[in-house]
Amino acid sequence: MHRNGIKLLTGNSHLELAQSVAERLNIPLTPCVVKKFSNGEINVKITESIREEDVFIIQSGCSDVNDNLMELLILVSACKTASARRITAIIPCYPYARQDKKDSSRAPIAAKLCANMLAVAGCDHVITIDLHASQIQGFFDFPVDNLYSEPLMIGYIKQSIPNWQESIVVSPDAGGAKRVTAIADKLGVDFALIHRQRNGHSATASEKMELLVGDVRGKTAILVDDMIDTGKTLTLATKSLKENGAAKVYVLVSHALFGESNLAAISQLPLEELVVTNTVPQQQHILACSNLVVIDVAPLLAESIRRTHNGESISVLFNEWPSEHL
């Protein structure tokens, strides 16, 4: 029996995740065609009525990020003109999230621009996971639910890392200190902080990492970060932890983009496991990296959709609910 009132749509960014969410909700994906004309323009056709329906559009900001963003905007606009009652964009990996502030002269704040475009297209609500910076929520004038992968990671640590009680949670930079201390507090273990610095002032100068806070000697180090792209930070941090005497190194990352990464080289690092979520597609990455483990966020997104549609609180999703529901 279908759940009345929910219409679940998706673009081409992450069909596997969208299908998994639909199965969790026991509803079909609303049929729509998202394709390109010969000149590269995106064409959207929704082949089923969505008038006065509660519409959720799943689209992640990954791989061909500009095409995926444009698909999302056109889907939102199409739903708006089709008289949808409410339009919620489910964006597991928010695009342009790293451009969240003016960190140099004439630098754009592209994350704010994306928020403006979603608002103009007709979006009413955004659900995302692990924003690169929490203040991005303030770029919107409508509700934004920034879900955390932290409960999923804590559940994984407790179930899959031997003797996790003797581990230490590590942040590869100062920006992730808050995330790491929250996980360490919930696990009841210590935390460590690594500082990254250049050997010189030139852009091509070599880099190294120094352990500033914490003692990893003889312990299982759990390195936690929100995003991996080139893999340079991961490589430097792993080497630093091993040089400081860590017995084992596990890496947990929310958004594994692997945009410019050499996965073959990463698989050769002295890591026990590289644990990522599927906010972006990981099928090809699994084949290239033997120690890659993928945590499914579909249950988290499906539950957030169900609760949003029914007008229920989603605060329970910030706690350790996955251990019971996964």
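Rules used throughout
Residues numbered from 1 in each chain as written. Predicted model: local features only at pLDDT ≥ 70, side-chain atom pairs only at ≥ 80, totals over all residues. Heavy atoms only, no water. Buried < 20%, exposed > 50% of the residue type's maximum accessible area, 1.4 Å probe, protein only. Helix = DSSP H or I, 4+ residues; strand = E, 2+ residues; numbered from the N terminus. Pairing = 2+ DSSP bridges. Right-handed = clockwise from strand over helix to strand, strands pointing away. Expected span 1.5 Å × (residues − 1). Patch = residues over 30% accessible without salt bridge, like charges linked within 9 Å, V, L, I, M, F, W, Y side chains within 5 Å. Areas by Shrake-Rupley, 256 points an atom, 1.4 Å probe, with all protein chains shown as cover. Salt bridge = Lys/Arg side-chain N within 4 Å of Asp/Glu carboxyl O. Arc of directions from axis to C-beta. Contact = heavy atoms within 4.5 Å.

### A short note on the pairing of strand 12 (residues 248-256)
Moving on, step 1. Counting buried residues along strand 12, eight of its nine residues qualify, which places the element largely inside the surrounding structure.
Moving on, step 2. Judged from the eight bridges that link them, strand 11 (residues 220-228) and strand 12 form a sheet pairing that is parallel. Across the sheet, Ala221 pairs through a bridge with Val249, a residue of strand 12.
Moving on, step 3. For the handedness criterion, the β-α-β arrangement of strand 11, helix 6 (residues 232-243) and strand 12 is classed as right-handed.
Moving on, step 4. Strand direction decides the pairing type here: strand 12 and strand 13 (residues 273-277), joined by four bridges, are parallel. Residue pairing in the sheet places Leu252 in a bridge with Val275 of strand 13.

### Topic: helix 6
One full turn of an α-helix is made of 3.6 residues, so residues set three or four places apart face in the same direction.
Moving on, step 1. Here helix 6 contains twelve residues, and its C-alpha end-to-end distance of 17 Å stays within 8% of the 16 Å for a straight helix at 1.5 Å per residue.
Moving on, step 2. Listing the buried residues of helix 6 in full gives Leu234, Leu236, Ala237, Thr238, Ser240 and Leu241.

### Description of a nonpolar patch on the surface
Moving on, step 1. A cluster of nonpolar side chains, contributed by Phe191, Leu212 and Val213, occupies part of the molecular surface with about 250 Å² of accessible area.
Moving on, step 2. Tracing the backbone shows Phe191 in strand 9 (residues 190-198).

### Thoughts on helix 3 (residues 110-121)
Moving on, step 1. Here helix 3 is twelve residues long and its end C-alpha atoms lie 16 Å apart, about the 16 Å a rise of 1.5 Å per residue gives.
Moving on, step 2. Of all the positions in helix 3, only Ala110, Ala111, Cys114, Ala115, Leu118 and Ala121 are classed as buried. Along helix 3, the residues classed as buried sweep out an arc of 155° about the axis, all on the same side.
Moving on, step 3. Elements in contact with the buried residues of helix 3: helix 2 (65-81), strand 5 (86-91) and strand 6 (125-129).
Moving on, step 4. Directly beyond the C-terminal end of helix 3, a positive phi value near 120° is found at Gly122.

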